[in-house]
Amino acid sequence: MKSFSLLSRGTGVAFLAPAGLLIGAFVIAPFFWVIFVSFTNRSLLGRTAVDPDFVGLANYFSLFDAATFFTRGEFGSSLILTIEFVLLSAVVGQAALGMLLAWLLQSVPKSLKHLTETVAIGAWILPEVVIAFAWFAFLDYENGTLNMIMEALGFPPGDWLLSFPFWAIVVFNTWRGTAFSMMLFNSAFSSIPPSYFQAADVAGASSWQKFRDIGLPLIRGHVVTDLILITMWSFNVFTPFLLTSGGPSYRTEILPIYTYRIAFRDFDFGKGAAVGVVVMLINLVFALFYLWVMRRRAKGVAA
Amino acid sequence: MTRYLGLYFTRIGFSAATALIGVFFALPLVWFIFAPFNPRAELGLSIPDPFSLANFETVFENGFAMRGLWNSLVQSAGGVILVGAGATLASYALSRSPIPGKSVITYILLLFSSVVSGSAAMVPIFLIINGIGLIDTQIAVILVFAGGLLPTAMFILRDFIDSIPKSYEESAMVAGASPVQAFFDVALPVIRPGIVVVVVWAFVSIWGSFLIPFILLRSSEKMPASVAIYSFYSEAGTPIVTLLAAYSLLYSLPVIILYLFVSWKFGFRFFGGIKA
């Protein structure tokens, strides 16, 4: 039987039009535009601002120039820095800490659970500028909360943003983003039937054994989802700019900040666009993988 | 017996570890909770003595700061209206009309929106906005946000509408309503909770964001609060901490209130891995 449809095709198209126009202009068009601009020497000012030349792959050659690839402040160095940042702050930091926290929360008193969740979610939902400023105060050399604690414990104070800028943004991003993994794993753990754990208790299993043999295998699908999403977010995050502006001497210049500097400080839009294309390609790999995982799950192939 | 003792100690150990991690999350926020009420606030942590609202008076008297909040409101409201209306119409069409390849459309849009993210898109978005002559206008910020948030909003809402039985609208149409009437009078009231979630999510996203207004706006009187605060602490030689702390709290209030509203009304849930 042909299903009776509520909207005619024409009305459907009309309903789709406003969203379609906006998405077309500000999502789809930028995708192709950035590829086009990456083959030109477009700049903000001067002749090439209005009449850019086609330069072929010159921008890409300059990004992947072996002579400067590892020089600090150049693309290659920034790419490596970004990969380290994502591995440490997202995969190790957010996912592992979120997993640990979610597991701990299964068996702590309700009040402690709510309190911990509240502060972690606070770190996640507050506007990024506010969070960055709070961290600025937290890490301040003269009066910062962290140095206050260090001194109280008998350790020497540190000028964290100057001496350990990279670790500062790694810890910052871990702190900022762990709530997502925590909540995802928490809801995954609570959906496991309690009888599984009760049976393990009767058999005398330790908490680690329960985690390894019951908890983790049953939420494997959620772990994959979590890792893809937080990797993508951390790979694109601009927030560390608010804390360090990419400095000192490019030591925290992850790719989004590098792109900003090339395009909006040096006004080299062509090269900035080329970086954008590389970032998009990496995003594409992750996004395709994510959609593939989601579709498999929607079809009930994987847990 | 020993097993119960073991479980007991595990519980204590777990609680201690949780508390320690909780402290790690709380510490950077403690300053942010006290400083706004401390008229002599510095970057250092101290309990305000006495508690005072003087810092807020300073904010209310600062025209630039207040204009920042107003601009944030204009930009967020504008973006939310476009996202809410656009996503509702579009996802209703995707759910109820016979357009071929609807699932594919939804997935492709979602794919594009996650690939064309802030850092990859900043150059072309700037150039497109520059090309249509909208640089340094609030409408540019609104349009860019609406475009960027719409695919995800449509994805969430379509899921929601798919779960509503078609029989509601069908019976209205049997009774003589036109499809458009059935949409406005029958479907829309049922979809409203889904729209609220999308609207809150879009509002929080726009309200808190920094990069897009930072690259699209030039003149200080159009800047939203996020860019205004940043210029307070990055460009002023010594930041006026009292003003910044109180302003940060005022600026965060809508996000906190909306979060509480959503978790009270709907329970805090995940919508396709979306940050709400």
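All figures in this text were calculated on a predicted structure; none of them were measured in a lab.

Calculation rules
Residues numbered from 1 in each chain as written. Chains lettered and ligands numbered in written order. Predicted model: local features only at pLDDT ≥ 70, side-chain atom pairs only at ≥ 80, totals over all residues. Heavy atoms only, no water. Helix = DSSP H or I, 4+ residues; strand = E, 2+ residues; numbered from the N terminus. Buried < 20%, exposed > 50% of the residue type's maximum accessible area, 1.4 Å probe, protein only. Contact = heavy atoms within 4.5 Å. Areas by Shrake-Rupley, 256 points an atom, 1.4 Å probe, with all protein chains shown as cover. Lys, Arg positive; Asp, Glu negative; His and termini not counted. Charge placed at Lys NZ, Arg CZ, Asp CG, Glu CD. Salt bridge = Lys/Arg side-chain N within 4 Å of Asp/Glu carboxyl O. UniProt positions renumbered as here; feature names shortened; annotations may be inferred. Phe/Tyr/Trp six-rings, centres within 6.5 Å; stacked < 30°, edge-to-face > 60°. Polar contact = N/O pair within 3.5 Å; in protein donor to acceptor, adjacent residues only side chain to side chain. Buried area = accessible area lost by both parts, 1.4 Å probe. Nonpolar A, V, L, I, M, F, W, Y, C, P; charged D, E, K, R; others polar. Axes fitted to C-alpha atoms, helices over the stretch in contact; angles between N-to-C directions. Parallel < 35°, antiparallel > 145°, perpendicular 65-115°, else oblique. Left-handed = near helix turned anticlockwise from the far one by under 90°.

1. Thoughts on the overall build of chain B
Inference 1: From N to C terminus, chain B includes 11 helices and zero strands.
Inference 2: Its helices and strands taken in sequence order, chain B reads α-α-α-α-α-α-α-α-α-α-α from the N to the C terminus.
Inference 3: With 276 residues in all, chain B has 54% of them scored as buried.
Inference 4: Restricting the contact set of chain B to residue pairs at least 6 apart, pairs at least 24 apart contribute 72%.
Inference 5: Counting every atom, chain B has about 11,700 Å² of accessible surface; 69% of that belongs to carbon and sulfur.
Inference 6: Averaged over its 14 positive side-chain charges, chain B has a centre that lies 12 Å from the centre of its 12 negative ones.

2. Looking at the overall build of chain A
Inference 1: Looking only at helices and strands, one finds 15 helices and zero strands in chain A.
Inference 2: Each principal axis of the C-alpha distribution contributes one length, and for chain A these read about 80 × 75 × 35 Å.
Inference 3: Split into buried and exposed, the 303 residues of chain A put 54% on the buried side.
Inference 4: For chain A, contacts bridging at least 24 residues in sequence account for 68% of all contacts bridging at least 6.
Inference 5: A total accessible area of about 13,500 Å² is found for chain A, and carbon and sulfur atoms account for 69% of it.
Inference 6: With 19 positive and 17 negative side-chain charges, chain A shows a spacing of 16 Å between the two charge centroids.

3. Notes on the pattern of salt bridges
Residue and element names in this part refer to chain A.
Inference 1: Enumeration according to the criterion identifies eight salt bridges over all chains in this entry.
Inference 2: Glu117 serves as the salt-bridge partner of Lys113, at 3.9 Å between the closest nitrogen and oxygen. Taken as a pair, Lys113 and Glu117 lie in helix α5 (residues 110–125) at a separation of four residues, close to a single helical turn. Each member of the pair, Lys113 together with Glu117, is buried.
Inference 3: For Glu253, the salt bridge identified is with Arg261, shortest N-O distance 2.6 Å.
Inference 4: Here Glu253 falls in the buried class, since its relative accessible area comes to 3%.
Inference 5: Taken together, the shared-partner salt bridges connect Glu253, Arg261 and Asp266 into one network.

4. Examining the UniProt feature "domain: ABC transmembrane type-1" (unreviewed entry) in chain A
Inference 1: The positions that UniProt labels "domain: ABC transmembrane type-1" (unreviewed entry) are, in the present scheme, residues 80–290 of chain A.
Inference 2: What you have in residues 80–290 of chain A is 79% helix and 0% strand, and the ends, taken at the C-alpha atoms, are 23 Å apart.

5. Some words on the packing of aromatic side chains
Inference 1: Going through the model one piece at a time under the given rule, you end up with 51 aromatic pairs over all chains.
Inference 2: On the numbers, 4.9 Å between centres and 75° between planes, the contact of Phe180 of chain A with Trp233 of chain A is edge-to-face. On the criterion of sequence distance, the pair formed by Phe180 of chain A in helix α9 (residues 165–190) and Trp233 of chain A in helix α12 (residues 220–235) is long-range, its members being 53 residues apart.
Inference 3: Taking relative accessible area as the criterion, Trp233 of chain A reaches 33% and is therefore assigned partly exposed.
Inference 4: With 5.6 Å between their ring centres and 80° between their planes, Phe264 of chain A and Phe269 of chain A make a pair best called edge-to-face. Accessibility assignment for this pair places Phe264 of chain A and Phe269 of chain A in one class, buried.
Inference 5: Site record: aromatic cluster; members linked through ring pairs are Phe238, Phe241, Tyr260, Phe264 and Phe269 of chain A together with Phe126, Phe210, Phe214 and Tyr230 of chain B.

6. Observations regarding the UniProt feature "transmembrane region" (unreviewed entry) in chain B
Inference 1: Feature annotation in UniProt assigns "transmembrane region" (unreviewed entry) to the following positions: residues 12–34, 73–95, 107–132, 138–157, 195–216 and 236–262 of chain B.
Inference 2: From the first C-alpha to the last, residues 73–95 of chain B spans 32 Å; its make-up is 100% helix and 0% strand.

7. Comments concerning the side chain of Ser97 of chain B
Residues and elements named next belong to chain B.
Inference 1: Along the chain, Ser97 falls in the loop between α3 (63–96) and α4 (102–115).
Inference 2: The class for Ser97 is buried, based on a relative accessible area of 2%.
Inference 3: Here Ala93 takes part through its backbone oxygen, which lies 2.8 Å from a polar atom of the side chain of Ser97.

8. Quick look at the interface of chain B and chain A
Inference 1: Taken together, the contact pairs 94 residues of chain B with 103 residues of chain A.
Inference 2: Approximately 8,900 Å² of surface area, both sides summed, lies buried where chain B meets chain A, with 80% of it carried by carbon and sulfur atoms.
Inference 3: Ranked by the residues each element gives to the side of chain B that touches chain A, the list is headed by helix α1 (residues 2–34) of chain B, at 18 residues.
Inference 4: Broken down by class, the residue content of the side of chain B that touches chain A amounts to 65 nonpolar, 21 polar and eight charged.

9. Some points on the packing of helix α14 (residues 255–265) of chain A against helix α5 (residues 118–131) of chain B
Inference 1: One can describe the packing of α14 of chain A onto α5 of chain B by two numbers: an axis separation of 8 Å at closest approach and a directional angle of 20°. Compared by their axis directions, α14 of chain A and α5 of chain B come out roughly parallel. As for the relative orientation of α14 of chain A and α5 of chain B, their crossing is right-handed in sense. Between α14 of chain A and α5 of chain B, the residues in contact are Pro256, Thr259, Tyr260, Ala263 and Phe264 of chain A and Ser119, Met122, Val123 and Phe126 of chain B, respectively.
Inference 2: Of the residues belonging to the contact of α14 of chain A with α5 of chain B, the class tally is seven nonpolar, two polar and no charged.

10. As for the UniProt feature "transmembrane region" (unreviewed entry) in chain A
Residue and element names in this part refer to chain A.
Inference 1: This chain's UniProt record puts "transmembrane region" (unreviewed entry) on residues 12–36, 79–105, 117–138, 158–175 and 273–293.
Inference 2: Taken end to end, residues 158–175 is 83% helix and 0% strand, and its two terminal C-alpha atoms sit 19 Å from one another.
Inference 3: With 100% helix and 0% strand, the stretch residues 273–293 has end C-alpha atoms that lie 30 Å from each other.

11. Quick look at unusual backbone geometry
Inference 1: A cis amide bond links Gly247 of chain A to the next residue, Pro248 of chain A, at an omega of -10°.
Inference 2: Take Pro248 of chain A: it is sitting in the loop between α13 (240–244) and α14.
Inference 3: In this structure, Tyr250 of chain A is a non-glycine residue whose phi angle is positive, near 65°.
Inference 4: Structurally, Tyr250 of chain A is set in the loop between α13 and α14.
Inference 5: The backbone of Asp136 of chain B sits at a positive phi, close to 65°, despite the residue not being glycine.
Inference 6: Here Asp136 of chain B shows up in the loop between α5 and α6 (138–162).
Inference 7: Residue classification places Asp136 of chain B among the buried residues on the basis of a relative accessible area of 15%.

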